[in-house]
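# Reading the structure
This is what each chain is made of:
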Amino acid sequence: MWFLTCFRRGLVMFAVRVSVLCYLLCMSSGSVEEENPEFWRSSAQNTLRSALSRKLNSNVAKNIVLFLGDGMGVTTITAARILKGQLQNRSGEETVMNMDTFPFVGLAKVYTVDFQIPDSAATATAYLCGVKTNLNTVGVSAAARNGVCRSQKGNEVTSILKWAKDAGKSVGIVTTTRVQHATPAASYAHSASRTWYSDADLPTSAVTGGCMDIASQLLRNTDIDVIIGGGRKYMTPKGFPDPEYPTDLKAQGQRKDNRNLINEWLSMKEGKVARYVWNKTDFDAVDPEKTDYLMALFEPGDLRFDVERDPSMDPSISETTEKAIRILKKNPKGFFLLVEGGRIDQGHHDSRASMALHEAVALDDAVARGLELTNEEETLTIVTADHSHAFTFNGYPFRGNSILGKSPIFAMDLLPYTTLMYGNGPGHKITNNKRPDIRNVDTTDKDYVQQAAVPLDSETHGGEDVALFARGPMAHLFQGVYEQNYIAHAMAFAACVGTNQEHCAATAEPDKTPFTSIDPGSSAPNTPFGAMTTVMLSITMSVLLH
């Protein structure tokens, strides 16, 4: 037995060494010019000159466009960058994403008041409302308790979307999820549970306690000019047939109160040009110059993944971003727009890296569209994430190796592995004490599920800091490492909305008067900040966070 064990170990080590040798012998450089040291010196000098010539833009931000990649951690950004280049028939590593061109970069700490690793509800409350809170809660301080209706009363916090609206600006939300989902919900709703999408989702205690579902709050709390995403079934009465899927029972309306919130929304806009659309044909027919309000809901729930999207029925996130900006920019006082690439997160939860990365590439394309339609001198543009995922980029792949491919060096079990993997998730499959053999598996397929170390039905979020990219007025405020709730305060300061408006008297002469600093610990609304909640059951977490 001892002899066989030693023999097997020796065989494994021999195989690994052979793989390494083949790797070194077969390895080729990215290009001939990269072998010349002057290539790298010249590139670095160009970057240095760009940095030295950079001037601070201290104008007041007339407009703010916040691009939020849900679950778009640094590993996702790197992998998406490579994928974007490879989709253009390049090696990929040297690709420059649109967000990469932003001159100011910072890191945001994403923990919540009660958990080391956050969810999208608590993080959205932080970067939109300027207050850190508890897991699973939306638009309330940490004095509110998860799922406890009575605890949210008096603990509501408002968002920069509302501050911008109160300042006379137009406001909008664009998402690839349902418009009642955690990220967009934090811009307008206050809820002790992110899952109270419609009144059908309210527990009895919430109904008797007078808590309102998130879809109802979409109409009631803030007059939002542009609402684009999914979520039709939370807006219509129970059993109401969906216009796109009339025979699908799961797509039917869910509301128990028999209200049709879409019709109510239209009636609330009497005297204005308000349009509701649910398909691309009608969406394309909307004239931004003649439209005051737009609600576009393209699916009963979340939108389809971009690689599965029917272009004849659903517009891309670039197209929805463009429509929103063209409508909002008519306001001479400016606008605030939240654009969420929400299905990056859902691709990761499924451990389908291809889906997640294509969603990130689509969001980066939307960033380019946003930059084309706005003026950097007056528009603050930010790209960031709410949290990351248990997502790794590993092994020693060759330069130009498919980002969705396999490492050329096999593991100790003499089986290949992909360069993208997950720390946990549905990809954990062990049979007879062995990993699956993926030598004949197309790991670039959109439905391929990456292997994972720990078995879970749904892969979890990650807790490391997330990157923030900024350009435009006061973009330099976003350098460094800071708490995630600082983002809302810095955006508000840049746009002269909310609190911290002492500097705004000098706006008639931008670039003449230096701006004062702000206190990252302050909050735009005066709200209480309570104690931490008790730890929830892990099984409840896995359900709520998916």
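Residues numbered from 1 in each chain as written. Predicted model: local features only at pLDDT ≥ 70, side-chain atom pairs only at ≥ 80, totals over all residues. Heavy atoms only, no water.

Convention followed: UniProt positions are given in the numbering used here, feature names are shortened, and annotations may be inferred rather than shown by experiment.
If you look the protein up in an unreviewed UniProt entry, it shows as Alkaline phosphatase from Cyprinus carpio carpio. In its Sequence similarities (unreviewed entry) section, the UniProt record describing the protein reads: "Belongs to the alkaline phosphatase family." UniProt lists a comment for the protein under the heading Catalytic activity (unreviewed entry), and it reads "a phosphate monoester + H2O = an alcohol + phosphate".

### Quick look at the sheet that holds strand β7 (residues 335-341)
Here is the rule we go by: Whether two strands pair depends on DSSP finding at least two bridges between them. Each helix is a run of DSSP H or I of at least 4 residues and each strand a run of E of at least 2, with the numbering of both proceeding from the N terminus. Fitted lines through C-alpha atoms serve as axes, helices being fitted only where they are in contact, and the angles separating the N-to-C directions of these axes extend from 0 to 180 degrees. Contact criterion: two residues are considered in contact whenever any of their non-hydrogen atoms come within 4.5 Å of each other.
As summarised here, the arrangement of the 10 strands in space is β5-β6-β4-β3-β7-β1-β8-β14-β2-β15, forming an open sheet in which the pairing is mixed. The open sheet has two edge strands, β5 (274-277) and β15 (480-483), and neither has a second partner. Pairs of neighbouring strands in the sheet enclose a mean axial angle of 15°, with direction left out of account. Examined bridge by bridge, strand β4 (residues 226-230) and strand β6 (residues 293-297) share four bridges and lie parallel to one another. What sits directly across from G229, in β6, is L297. Strands β1 (63-69), β3 (170-178), β4, β6 and β7 of the sheet are contacted by helix α12 (residues 317-328), whose axis makes an angle of about 170° with β7.

### Points about the pattern of salt bridges
The condition is simple: Should a side-chain nitrogen of Lys or Arg be within 4 Å of a carboxyl oxygen of Asp or Glu, the pair is scored as a salt bridge. For every residue, the accessible area obtained with a 1.4 Å probe (protein chains only) is divided by the maximum for its type, and the residue is called buried under 20%, exposed over 50%, and partly exposed between those limits.
Evaluation of the coordinates by the stated rule reveals 36 salt bridges. Between K84 and D365 there is a salt bridge, with the nearest N and O atoms lying 3.0 Å from each other. With K84 in helix α3 (residues 74-87) and D365 in helix α14 (residues 353-373), this residue pair connects regions lying 281 residues apart in the sequence. Of the charged contacts in the structure, one is a salt bridge between D225 and K165, with a shortest N-O distance of 2.9 Å. Of this pair, D225 sits in the loop between α9 (214-220) and β4 while K165 sits in helix α6 (residues 160-166), and the two are 60 residues apart along the sequence. Across the pair, exposure class does not vary: D225 and K165 are buried alike. The network of salt bridges with common partners includes D199, D213, R255, D257, R259 and E264.

### Examining the side chain of T236
Along the chain, the position of T236 falls in the loop between β4 and α10 (261-268). Residue classification places T236 among the buried residues on the basis of a relative accessible area of 6%.

### A short note on the nonpolar core
As a reminder of what qualifies: Among buried residues, the Ala, Val, Leu, Ile, Met, Phe, Trp, Tyr and Cys ones that are joined through side-chain atoms within 4.5 Å form a nonpolar core.
Within the largest apolar cluster, 110 residues are counted, with the highest numbers of intra-cluster contacts made by F336, F478 and M491. Within the second largest apolar cluster, six residues are counted, among which are C149, W196, L202 and A206.

### Details of the UniProt feature "binding site: Zn(2+) 1" (unreviewed entry) in the protein
So the rule is basically this: By the criterion applied in these results, polar contacts are pairs of N or O atoms within 3.5 Å in which, for protein atoms, one can donate a hydrogen and the other can accept it, and in which residues neighboring in sequence qualify only through two side-chain atoms.
In the UniProt entry, the feature "binding site: Zn(2+) 1" (unreviewed entry) is given for H349. The residue H349 is located in helix α13 (residues 343-349) in this model. Using a relative accessible area of 2% as the deciding quantity, one classes H349 as buried. Among the polar contacts listed, one links the side chain of H349 to the side chain of S458, at a separation of 3.4 Å.

### Observations concerning the packing of aromatic side chains
Stated formally: Pairing of aromatic side chains requires ring centres within 6.5 Å, counting the rings of Phe and Tyr and the six-membered ring of Trp. Pairs whose planes differ by under 30 degrees are stacked, by over 60 edge-to-face, and all others tilted. Whether a charge lies above a ring is judged from NZ of Lys or CZ of Arg, which has to be within 6 Å of the ring centre and within 35 degrees of the ring normal.
A full pass over the atoms with the stated rule returns five aromatic pairs. Taking the centre distance of 5.0 Å and the plane angle of 35° together, the rings of F391 and Y422 count as tilted. Within this pair, whereas F391 is found in strand β10 (residues 391-393), its partner Y422 is found in strand β11 (residues 420-425), the two being separated by 31 residues in sequence. For the pair shown, F391 and Y422 are each scored as buried. Seen from their ring centres, Y482 and Y486 are 5.0 Å apart, and the 45° between their planes marks the pair as tilted. Here Y482 matches Y486 in class, with each residue buried. The side chain of K132 reaches across the aromatic face of Y111, ending 3.4 Å from its centre. A cation sits over an aromatic face here: R178 above Y197, 4.8 Å from the ring centre.

### What about the UniProt feature "binding site: Mg(2+)" (unreviewed entry) in the protein?
Mapped onto the present numbering, the UniProt feature "binding site: Mg(2+)" (unreviewed entry) falls at D70, H181, T183 and E340. Spanning 271 residues, the named residues nonetheless gather at one spot, since no C-alpha pair among them exceeds 11.3 Å. Counting through the fold element by element, H181 comes out in the loop between β3 and α7 (182-185). In this structure, H181 is in contact with R194, Y197, D302 and Q346, ignoring residues within four places of it in sequence. For T183, the position within the fold is in helix α7. With relative accessibility at 0%, the residue T183 sits in the buried group. Not counting the four nearest positions on each side in its chain, T183 is found in contact with L68, D70, S120, A124, Y127, L128, L338, E340 and D386.

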